[in-house]
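Coordinates in review
Here is what each chain is made of, one letter per residue.
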Amino acid sequence: MQHQQTTFQLDSQNYHSTEANIHYMSVSQFKSAMECEARMIAELKGEFTRPPSTALMVGSYLHAALESEQAFSDFFEKNRDSIINSRGGIYKDYEKANDMIETVKSDKFCMFALEGEKEVIFTGELFGAHWKIKVDNINHQRGFFSDLKSTQELGKRYWSDKYSTWVSFVQAYDYVLQMYIYREIIYQNTGRYYEPYIVAVTKESPPDKAVLHFDHSRFDFEREYVQQMLPSIIEAKQGRKAPHRCNKCEYCRATKVLKGTFEIEYLLD
């Protein structure tokens, strides 16, 4: 899977294509490789496809609703069978999503933080790799970009091996890393460092909400982390090394080949 150096013109139609994913690194691809390089490479080659996730579908539903009426209408029609149940109502996950949408839309400050141009594509280069990003919302006049995120509870704690401590959902799901990458690529395209914000809404009833900003010192750790981890991913994408297997994910379980035994102590590794 040799990385192509020729210019690949991205647009909204081909952004998620296999060709685009082979040519470019993305935050989602990087995060996937951190979970399991072997699964990420298998997905790029078309050898493995993860089943659709209700959580991802609901997330897309939320984003479409706050992007534009047309985007929401298009998403609803395309995914009607997943949203509408046999009785003509909508499934509970989407009922909850509607509450979350209303929570954001009824808050002037949340909507202020989401004012701007939607789904904007940028490309750039970081640490020897070509990157692509699609920014949920960017406001060139005010110099900020923002992303809508849903979570269970604003204050819920998660254990992170990456940070070796308990963290918030923002760190647990690598949103700090995402904002670092986006900020750098936007700078390469505009010559200006934009301020990143997260508009967070919870799945509680009623939903909670917050607009979150970042201390810039957090990006230092993410820069070092990406710089350290990226070479292995690039080598795996270029076929110069066998991708690392996590031996825990669905792909590794499906392709596991036993070659011997191990002592029961290692079951908990």
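Described below are features of the structure shown in this document. (Residues numbered from 1 in each chain as written. Predicted model: local features only at pLDDT ≥ 70, side-chain atom pairs only at ≥ 80, totals over all residues. Heavy atoms only, no water.)

Here the focus is empty space enclosed by the protein. In the structure shown here, the tally under the stated rule is one cavity of 30 Å³ or more. Within this model, the largest cavity holds a volume of roughly 100 Å³. Considering the residues around the largest cavity, the lining is formed by His 63, Leu 66, Glu 67, Leu 114, Lys 118, Glu 119, Asp 136, Asn 137 and Leu 148. Elements represented by at least two residues in the lining of the largest cavity include exactly helix 4 (54-67), strand 1 (117-126) and strand 2 (129-139). Looking at the lining of the largest cavity element by element, the count peaks at three residues for helix 4. Classifying every residue of the lining of the largest cavity by side-chain character gives three nonpolar, two polar and four charged. (1 Å grid on protein atoms, 1.4 Å probe; cavity = no way out; pocket = protein on both sides within 12 Å on 5 of 7 lines; lining within 4 Å. Points joined across faces, edges and corners; volume = space filled by probe spheres on them. Helix = DSSP H or I, 4+ residues; strand = E, 2+ residues; numbered from the N terminus. Nonpolar A, V, L, I, M, F, W, Y, C, P; charged D, E, K, R; others polar.)

What follows covers the sheet that holds strand 7 (residues 209-212). If you walk across this open sheet you meet the five strands as 1-2-3-6-7, and the pairing is mixed. Strands with a single pairing partner mark the edges of an open sheet, and in this sheet they are strand 1 and strand 7. In this sheet, neighbouring strand axes are inclined to one another by 35° on average, regardless of whether the strands run parallel or antiparallel. With nine bridges connecting them, strand 1 and strand 2 associate as antiparallel partners. If you follow Glu 125 over to strand 2, its bridge partner there is His 130. Sheet contacts for helix 4: strand 1, strand 2 and strand 3 (144-151); angle to strand 3, the most-contacted strand, approximately 140°. Across the sheet, helix 10 (residues 175-190) touches strand 1, strand 2, strand 3 and strand 6 (195-202), and the angle it forms with strand 1 is around 80°. (Pairing = 2+ DSSP bridges. Axes fitted to C-alpha atoms, helices over the stretch in contact; angles between N-to-C directions. Contact = heavy atoms within 4.5 Å.)

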